[in-house]
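Each chain is listed here by its residues.
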Amino acid sequence: MTLLQIMPEDAPETVRVRTHDLDVIREELLRIGVRFARWHAARRVPDDADDSAIMNAYRSHIAHVSAEGGYQVVDITRMTPTSIDPDSPQQRHPARETFLKERFHDDDLVRFVVAGAGCFYLRVAGQVHAMLCTAGDLLSVPSRTVHWFDAGARPSYTAIRFFQEDNGCAARFLPDSIAARFPTLDDLLATS
Ligand SMILES: [Fe+2]
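Residues numbered from 1 in each chain as written. Predicted model: local features only at pLDDT ≥ 70, side-chain atom pairs only at ≥ 80, totals over all residues. Heavy atoms only, no water.

A. Structural view of the nonpolar core. Ranked by size, the top nonpolar core spans 22 residues in total, and within it Leu29, Val34, Phe120, Leu122, Met131, Leu139 and Tyr157 carry the most contacts. Mapped onto this core, the elements with two or more residues apiece are strand S1 (3-8), helix H1 (22-30), strand S6 (109-124), strand S7 (127-134), strand S8 (137-141) and strand S10 (157-163). At five residues, the largest contribution of residues to this core is made by S6. Apart from residues no more than four positions distant in its own chain, Tyr157 is found in contact with Thr77, Arg78, Met79, Arg111, Val113, Ala115, Gly116, Ala117, Gly118, Phe120, Phe149 and Ala151. (Core = buried A, V, L, I, M, F, W, Y, C linked by side-chain atoms within 4.5 Å. Buried < 20%, exposed > 50% of the residue type's maximum accessible area, 1.4 Å probe, protein only. Helix = DSSP H or I, 4+ residues; strand = E, 2+ residues; numbered from the N terminus. Contact = heavy atoms within 4.5 Å.)

What follows is the structure, given as structure tokens:
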């Protein structure tokens, strides 16, 4: 279920806001210049839909967001537990370690979650906003916002990504990441 949890950046155990209320989430994120919206597909999208079926189902939404934000590149990203080494069930997803590092980009961070769940941690104005997005959620984060991402130990996450530039997702990592002090996606789900 979609969730926003806000914690001070220097006190991860202190929960200032924890809500599933979509209107409250929208308001809290607007305070930090982040847009949150819900999309409905033009037709039902099956779990095993390929990229073109997904693009078709959300075509009018994609066109609108691209025009509004000047996004030239739209693609689809997927994380699945099948990419974990089957001989080592405890192994972390290879991409997970990288996504868990604090970073920022020159491009906006615009994601629409098609299936599964992923948590975006936005560090703004002394607070960490852990925004757990599920299918149907659109998140638009301004460029250069410090963030990290987690899809959990057994990731199930499909999202449409929007970029202004081809190389927009090149990340600049922060030397002293605070990410490891904060609850993971699995921690957040366990307490919901
Ligand atoms: Fe990123």
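B. How the structure looks around the pattern of salt bridges. For the structure shown, the criterion picks out twelve salt bridges. Residues Arg96 and Asp186 are paired through a salt bridge, measuring 4.0 Å at the closest nitrogen-oxygen approach. Linking Arg96 in helix H4 (residues 94-99) with Asp186 in helix H5 (residues 185-190), this pair joins segments that are 90 residues apart in sequence. Judged by relative accessible area, Asp186 falls into the partly exposed class, the value being 33%. In this structure, the salt-bridge partner of Arg123 is Glu102, at a minimum N-O distance of 2.7 Å. Of this pair, Arg123 sits in strand S6 while Glu102 sits in the loop between H4 and strand S5 (103-104), and the two are 21 residues apart along the sequence. Because the salt bridges share partners, they merge into one network encompassing Glu9, Glu102 and Arg123. (Salt bridge = Lys/Arg side-chain N within 4 Å of Asp/Glu carboxyl O.)

C. The arrangement of the coordination of the iron ion in detail. Within the protein, His105 (NE2) and His147 (NE2) serve as the donor atoms for the iron ion, at 2.1 to 2.2 Å. One end of the pair, His105, is in the loop between S5 and S6; the other, His147, is in strand S9 (residues 146-150), with 42 residues separating them in the sequence. Judged by its relative accessible area of 4%, His147 is buried. (Donors = N, O, S within 2.8 Å, 3.2 Å for Na, K, Ca; no water.)

D. Examining the pairing of S9 more closely. Across the five residues of S9, five count as buried, placing the element largely inside the fold. The alternating pattern of S9 places Val146, Trp148 and Asp150 on one face and His147 and Phe149 on the opposite face, and all of these are buried. With five bridges joining them, S6 and S9 adopt antiparallel strand pairing. Among the inter-strand pairings, Cys119 is bridged to a residue of S9, identified as Asp150. (Pairing = 2+ DSSP bridges.)

E. Quick peek at the pairing of S10. In terms of burial, S10 is a largely internal element, seven of the seven residues being buried. Here seven bridges tie strand S4 (residues 73-79) to S10, and the two strands are oriented antiparallel to one another. Residue pairing for S10: Ile76 is matched across the bridge by Ile160. Taken together, the six bridges between S6 and S10 define a ladder with antiparallel strand orientation. The residue of S10 that forms the bridge with Val110 is Phe162.

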